[in-house]
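Below, each chain spelled out in residue letters.
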Amino acid sequence: MNTRQRHIAHLHLHAALTEVQYGNIIELMSGITPHVQAVPPNAVQLDLTSALRYFGLPPYDVVQLAKLRLKALYDIDSSAGLAGNRMLAAMAADASAPGDTTWVPAGQAADWLHPRPVNALPGIGRATAETLRRYGLHTIGQVKDLPAGTLQRLLGAGPARLLAERARGHDPRPVTPSEPAEHLAADLVLDRDCLDPDKHHRAVLGLADQIGQRLRGERQIASRVTLTVRYADRSSTTRTRTLPEPTHHSPAIASAALGLLTALGLQRARVRAFGIRADVLLPAESAFHQLSMDPGDDRARAAEVAADRARRRFGPRAVRPATLAE
């Protein structure tokens with residue numbers, strides 16, 4: 001049995017995030033530890049236990065590193081909690097002022113919990129809190145010290161057992177990375193209705209590049225690409241193309257998306273928004289790649305790997321296709 005002390009961090013992100021931004025942040029945190037769990041709409045949990053030896057830092061400093069990366073790369077402030085399990089880490093984050101980090105060391109969890117209000121425990125609804133209040137039970141410490149039989153008479157056996165475990169600071173749940181998405185999507189709403197085919201091309205190319213980055217970050221490949229164009233009159237057109245082979249290679253996704261755009265013939269269309277969706281996703285480990293005698297293809301894929309590494313370190317706009325440069 002593994003008795004190693006766990007170190008779980010819970011980060012509240014003080015920002016309203018789009019689906020794409022949230023996915024980028026999950027990917028960024030995966031550069032610190034592979035054990036990252038999304039807590040929508042604006043929080044993440046990290047199991048830092050295996051990361052401490054890699055960074056050679058104490059747990060508190062690794063949390064500060066994660067917060068620094070969020071601020072430097074996305075200009076997002078965060079407050080954090082650090083503890084030995086997911087419940088305590090989330091409660092510590094709730095107790096942290098914006099920008100601060102609250103650390104609850106393993107040996108101090110009981111003392112930290114004792115004076116806190118009972119409704120600070122997760123899962124304590126209004127009805128349960130009111131029942132406990134009627135019997136003079138206002139703090140977690142009071143609930144912890146109550147005989148098990150008395151708590152069962154108040155709440156019933158199942159709820160009483162769960163509440164008693166939480167009042168003692170117990171939470172066996174692991175940090176579990178989210179299941180792979182069934183699809184990935186990116187969209188762009190233009191500032192104004194656009195007639196310019198070059199801008200249409202740039203918009204679709206940028207979205208395809210985003211999709212490719214996210215697929216590689218989540219270690220998935222897509223078998224199909226769908227392009228949706230929304231017009232000034234609120235109508236829309238959607239076209240789908242199956243890829244020659246499942247891939248997460250941005251140029252392949254861009255080629256399919258731009259082919260769909262060209263086929264629509266939008267020379268005089270007043271476009272307001274574009275959307276790209278990649279679906280029929282598979283694990284990247286199952287990818288096959290048609291052998292090519294073109295050394296340029298291998299160089300392009302190697303450059304893509306290097307670009308992804310630079311983006312993880314310096315932010316999502318560190319490397320972009322030349323067509324998208326300002």
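Quick caveat, the model's predicted, so the values are computed rather than measured.

A closer look at the sheet that holds strand β6 (residues 183-194)
- Judged by pairing direction, the sheet is antiparallel, and its four strands sit side by side in the order β6-β9-β7-β8 without closing on themselves. Here the strands that pair on one side only, and so sit at the sheet edges, are β6 and β8 (236-247). Each strand axis lies, on average, 15° off the axis of its neighbour in the sheet, ignoring direction.
- Its contacts with the sheet place helix α11 (residues 250-264) against β7 (220-231), β8 and β9 (271-283), and it is angled at close to 145° to β8.

Overview of the pairing of β7
- With respect to burial, β7 is a largely interior element, ten of its twelve residues being buried.
- For β7 and β8, the ladder comprises eight bridges, and the chain directions are antiparallel. Bridging from a neighbouring strand, Leu227 pairs with Arg239 of β8.
- Hairpin connection of β7 to β8: four residues between the antiparallel strands, including Arg234 at a positive phi of 75°.

Description of the nonpolar core
- Ranked by internal contacts, the top residues of the largest apolar core, which has 33 residues, are Leu227, Phe274 and Ile276.
- Mapped onto this core, the elements with two or more residues apiece are β6, α10 (197-217), β7, α11 and β9.
- Other than its neighbours up to four places away in sequence, Leu227 contacts Val204, Thr237, Thr238, Arg239, Ala257, Leu260, Leu261, Leu264, Phe274, Gly275 and Ile276.
- Core analysis: the next-biggest nonpolar cluster, separate from the first, contains 26 residues, Met91, Ala109, Trp112 and Val118 among them.

A word on the packing of aromatic side chains
- Tallying each qualifying case throughout the model produces two aromatic pairs.
- On the numbers, 5.0 Å between centres and 90° between planes, the contact of Tyr54 with Phe55 is edge-to-face.
- Seen from the ring of Trp112, Arg116 lies directly overhead, with NZ or CZ sitting 4.5 Å from the centre.

What counts and what doesn't
- Residues numbered from 1 in each chain as written.
- Predicted model: local features only at pLDDT ≥ 70, side-chain atom pairs only at ≥ 80, totals over all residues.
- Heavy atoms only, no water.
- Pairing = 2+ DSSP bridges.
- Helix = DSSP H or I, 4+ residues; strand = E, 2+ residues; numbered from the N terminus.
- Axes fitted to C-alpha atoms, helices over the stretch in contact; angles between N-to-C directions.
- Contact = heavy atoms within 4.5 Å.
- Buried < 20%, exposed > 50% of the residue type's maximum accessible area, 1.4 Å probe, protein only.
- Core = buried A, V, L, I, M, F, W, Y, C linked by side-chain atoms within 4.5 Å.
- Phe/Tyr/Trp six-rings, centres within 6.5 Å; stacked < 30°, edge-to-face > 60°.
- Lys NZ or Arg CZ within 6 Å of the ring centre and 35° of its normal.

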